[in-house]
Amino acid sequence: MVVSPSHLGDAVMALPAIDALAKHGPIQITGPSWAADVYAHLLDGHPGESKSKPHTAVLFKPSFSAAWAVRKVPVRVGISWDARWPLLTHAVVSAGRHRCDDFAALVQQVTQSTVSLGLPQLPTNSLPSTKDLGLPARFALILPGTASVKTVRWPHFSELANHLQQIGLVPIFAGGPVEEEWLPAWAAPHRHLPTLSLRQVASVATKAERIVGNDSGLTHLAAAALRGAGRPVSNVHVVYGSTDPTHTGPPGATHHIGGQPSCWACYAKTCSIGTPTCFASNVDAIVTKIVPND
């Protein structure tokens, strides 16, 4: 049993590890309903899929509640986060580096062998068509959404969109299912897409010339989709606030880091000093790195 993370970014970062477990033996994946979009290549008739009673639970979800839910499974493997190590038969100490490294350590514990995993990659051969969306030939996909609005959502996406339009890239905003209420106001006067499934967002990302977003789930998904399509992941530009690319950023993306006060990187949802000083706020400096292809 693979217990998927409940945050999209973590679920994408877990892709290489879960792919490796599927090659090692039969798996079943539990998690949020949207996890089926991320792991569709493992769930749709894949030979590794199994509905039998599991002998081992591998916890990619970091919470105490996730460990409690599988306490009756004979073997329980997970990172010893959230004081849950007594519930684990095999508690793995966090590597303290990138989240992908922690997930690789789980695979190594299960397989009892040294593993070398690739980077997050979303298979794109069965992604839905984008023809009905009427996308322009050259556009920049802007992903401003995040659950940590005050400390992760960069406040200058609209200004950036104006600059991108001036250099020949049509800015198009997109968001997830819980973001449709505020996305139109954030995108105006530029175009925003209707609410899409995760696989539709991934498909749009593979058509974009540039992608700009926060350190968020959709940005991680877009980076993995580009890698799966064989396109440069450096075309994904991530603007950081309270988070650190060396721990949770999409590997291979172009990172834009602002100020680094003594409290950075705090990963908090609210700023303890009032106004975050960690945002990369220089729009011009970011635009200079987002140069369209010839």
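Above: the structure in question.
The paragraphs below set out a description of the structure included in this document. Position labels on residues start from 1 in each chain and follow its written sequence. Local features are withheld for residues below a pLDDT of 70 in this predicted model, meaning they are given only at 70 or higher, and side-chain atom pairs are given and counted only at 80 or more; totals for whole chains, interfaces and linings count all residues. As a convention, hydrogens and water are excluded, and side-chain values are obtained from all of the structure's heavy atoms.

The residue after Ala-188, namely Pro-189, is reached through a cis peptide bond having omega 5°. Relative to the assigned elements, Pro-189 resides in the loop between helix H9 (183-187) and strand S8 (191-192). Ala-265 follows Trp-264 through a cis peptide bond whose omega is 0°. With phi around 60°, Tyr-267 is a residue other than glycine that occupies positive phi space. Among the secondary structure elements, Tyr-267 is positioned in the loop between strand S11 (254-256) and helix H13 (283-287). Each helix corresponds to a stretch of at least 4 residues labelled H or I by DSSP, and each strand to a stretch of at least 2 residues labelled E; elements are numbered beginning at the N terminus.

Strand order across the open sheet formed by 5 strands is S2-S1-S3-S4-S5, with parallel pairing between neighbours. The open sheet has two edge strands with one neighbour each: strand S2 (29-30) and strand S5 (90-92). Pairing between strands is defined by DSSP: at least two bridges between them are needed. In this sheet, S2 lies alongside strand S1 (residues 2-3) in parallel orientation, the contact comprising 2 bridges. In the sheet register, Val-3 faces S2, and the bridge partner there is Thr-30.

A word on the pattern of salt bridges. Any carboxyl oxygen of Asp or Glu within 4 Å of a side-chain nitrogen of Lys or Arg constitutes a salt bridge here. Summed over the entire model, instances satisfying the criterion amount to 3 salt bridges. Ionic pairing is found between Arg-138 and Glu-209, a salt bridge with its closest N-O pair at 2.9 Å. Here Arg-138 is found in the loop between helix H6 (99-111) and strand S6 (139-143), whereas its partner Glu-209 is found in the loop between helix H10 (198-207) and strand S9 (210-214), with 71 residues between them in sequence. Owing to a relative accessible area of 10%, Glu-209 belongs among the buried residues under this scheme. Under the scheme applied here, a residue whose accessible area is under 20% of the maximum for its type counts as buried, over 50% as exposed, and between as partly exposed, the area being computed with a 1.4 Å probe on protein chains only.

All right, on to the pairing of S9 then. Counting buried positions along S9 yields 5 of 5 residues, so the element is predominantly enclosed. In this structure, S6 lies alongside S9, joined through 4 bridges in parallel fashion. By the bridge assignment, Leu-141 is partnered in S9 with Ile-211. Following the backbone out of S9, through helix H11 (residues 217-228) and into the adjacent parallel strand S10 (residues 236-239), one traces a crossover that is right-handed. When the strands point away from the viewer, a crossover counts as right-handed if the route from the first strand across the helix to the second turns clockwise.

Another aspect to go through is the packing of aromatic side chains. Working definition: rings of Phe, Tyr and Trp (its six-membered ring) pair if their centres are within 6.5 Å, and the pair is stacked with planes under 30 degrees apart, edge-to-face with planes over 60 apart, and tilted otherwise. The full count for this structure, using the stated rule, is 4 aromatic pairs. For the ring pair Trp-154 and Phe-157, a centre distance of 5.1 Å and an interplane angle of 90° mean the geometry is edge-to-face. By relative accessible area, which is 0% here, Trp-154 ends up buried. Centroid distance Phe-157 to Trp-186: 6.4 Å. Interplanar angle 50°. Geometry classified as tilted.

Below, the discussion takes up the layout of surface pockets. Over the atoms, a rolled probe matching the size of one water molecule traces out where space is still vacant. With a 1 Å grid laid over protein atoms only, a set of points is called a cavity when a 1.4 Å probe fits there but cannot get out and a pocket when it is open yet has protein on both sides within 12 Å along at least five of seven lines; lining residues have an atom within 4 Å of a point. Grid points are joined across faces, edges and corners, and a volume is the space filled by probe spheres set on the points. Quantified by volume, the largest pocket comes out at close to 1000 Å³. For the largest pocket, the lining is made up of 40 residues, of which His-7, Leu-8, Gly-9, Ala-147 and Gly-217 are closest to its centre. Breaking the lining of the largest pocket down by element, the ones donating at least two residues are helix H1 (8-13), H6, H11 and helix H12 (245-248). We call Asp, Glu, Lys and Arg charged. Ala, Val, Leu, Ile, Met, Phe, Trp, Tyr, Cys and Pro are nonpolar, and the rest, Gly among them, are polar. Across the lining of the largest pocket, the residue classes break down as 15 nonpolar, 17 polar and 8 charged.

To continue, consider the sheet that holds S9. On the basis of which strands lie adjacent, the open sheet formed by 6 strands has the order S8-S7-S6-S9-S10-S11 and parallel pairing. Both edges of this open sheet fall to S8 and S11, since each of them pairs with a single strand only.

Here we come to helix H8 (residues 157-166). The set of residues buried in H8 consists of Phe-157, Leu-160, Ala-161 and Leu-164. Around the axis of H8, the buried residues are gathered within 105° of arc, so they sit on the same side. Whether two residues are in contact is decided by their heavy atoms, any of which lying within 4.5 Å being enough. Elements that come into contact with the buried residues of H8 comprise S6, strand S7 (170-173), H9, S9 and H13. Gly-168, located one to two residues past H8, shows a positive phi value of around 95°. The arc refers to the directions leading from the helix axis to the C-beta atoms.

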